[in-house]
Amino acid sequence: MELDKIEEKDLKMGKANQDVFSEIMQELAATDRNIIAVTSDSRGSGKLVPFGKNYPKQIVEVGIAEQNLVGVAAGLASAGKKTFAVSPACFLTARSFEQIKNDVCYSDNPVTLVGISAGVSYGALGTTHHSLHDYAALRAVNNIIIVAPADNFETEQAVRLAAESKIPVYMRYGKKAMPFLSQENKTFEFGKGRIVREGEDIAIIATGETVYPAWLAAKKLEDEHSIKATVVSMHTIKPLDTDLLDQLAANGRPIVTVEEHMVNGGLGEACASYLMQKGMHNKFKIIGIPDEYTVTGSQIEIFNHYGISEEGLKNTALNLLNQ
């Protein structure tokens, strides 16, 4: 079953996470004049047109100038503003990496950097518009939280926590409507993964919009093969929830990681590095975008091509279990 053909009965569908971000920003701005959005000609794609209309004195437009975007956001944060710098993830974390590193992180300015249309959300626009490097780049920088919410609940909680954070935050969203992944686990904390499905045979650790196909793959494993998988939304890439990793690896079960990012330097390598240094020897597989020229297509087509899909992840799990 391809992701664009999933029936709503599988999970309750919500909105695009970017829409939720916009709604919570407006709610926060209504009672806190220190909430400021800074955009790089991206209020439309960032869903901030209503925010700008309702709170015109709390939005700054710098034009297509991402380095200036981060510099201005850092300056506002240094003056006590709760600043959200909003720009396409591919440009925000590449063009302005120097400003993120020095003006925000090393200068300890609590800016929330919001990467919109993240991963391969831009689809057919191609590799130049994919953000497949952002986890790797920012993991190498001290003093920043890296978050990729999986559903509307996680998005709302992440925005609220970011508004009160004393250290910088990078969060990224895609453009696709997302389901509510768990009606039971309603806890959210930076640095603490969220279990959205439980099982003892294999663990699938995913982040951002890849958690949904991981959940579907786990359902298919149980329905077709009586294999029960734990599915984790590891929404925080940094700091990593090592306590949860210890728990997942303890019984020796195989582990699959899934991310909408290059396989180099992201969630999978972070998990593998920790587990190897702890002396764990679970069967382990990283699923993401390989180190090659990325195929062109929609997000769905790219996911299906690289096995970030219900069927692809089911087969990856079966292969790992049968090794």
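Bear in mind that the values here come from a model prediction, so they are computed numbers and not experimental data. (Residues numbered from 1 in each chain as written. Predicted model: local features only at pLDDT ≥ 70, side-chain atom pairs only at ≥ 80, totals over all residues. Heavy atoms only, no water.)

Enquirer: In this structure, what is going on with the sheet that holds strand 12 (residues 236–238)? I would like to understand it.
Expert: The pairing of strands in a sheet comes from backbone hydrogen bonds and takes either a parallel or an antiparallel form. Strand order in this open sheet of seven strands is 3-2-4-5-7-6-12, and the pairing throughout is mixed. Since the sheet does not close on itself, it has two edges, and those belong to strand 3 (59–61) and strand 12, each with one partner. Going from strand to strand, the sheet's axes swing by 20° on average, the running direction of each strand aside. The pairing of strand 2 (residues 35–39) with strand 4 (residues 82–88) spans five bridges and is classified as parallel. Opposite Ala-37, over in strand 4, you have Phe-84 as the bridge partner. Helix 3 (residues 66–78) contacts strand 2, strand 3, strand 4 and strand 5 (112–116) of the sheet and is inclined by roughly 170° relative to strand 4. (Pairing = 2+ DSSP bridges. Helix = DSSP H or I, 4+ residues; strand = E, 2+ residues; numbered from the N terminus. Axes fitted to C-alpha atoms, helices over the stretch in contact; angles between N-to-C directions. Contact = heavy atoms within 4.5 Å.)

Enquirer: Whenever I open this one, the environment of Val-231 confuses me. Can you help?
Expert: You can see Val-231 is positioned in strand 11 (residues 229–233). Residues Val-231 and Tyr-212, 19 residues apart in the sequence, show an inter-C-alpha distance of 9.6 Å. Those residues in contact with Val-231 that lie beyond four places of it in its chain are Arg-194, Ile-195, Val-196, Arg-197, Ile-204, Val-211, Ala-214, Trp-215 and Ala-218.

Enquirer: Before we go on, may I ask you to explain the state of the cysteines in this structure?
Expert: Think of a disulfide as a covalent bridge from one cysteine sulfur atom to another cysteine sulfur atom. Inspection of every chain in the model, using the stated rule, returns zero disulfides. Between Cys-105, a free cysteine, and Cys-90, which holds the nearest cysteine sulfur, the sulfur-to-sulfur gap is 19 Å. (Disulfide = S-S within 2.5 Å.)

Enquirer: Looking at this model, I keep getting lost on the confidence of the model for the chain. Mind explaining?
Expert: Detailed reading of the predicted coordinates is not advisable wherever pLDDT is low. Here the chain averages 93 in pLDDT, while 97% of its residues score no lower than 70. Counted against residues more than four places away or in other chains, residues 1–9, with its pLDDT under 50, gives 14 contacts. (pLDDT = per-residue confidence, 0-100.)

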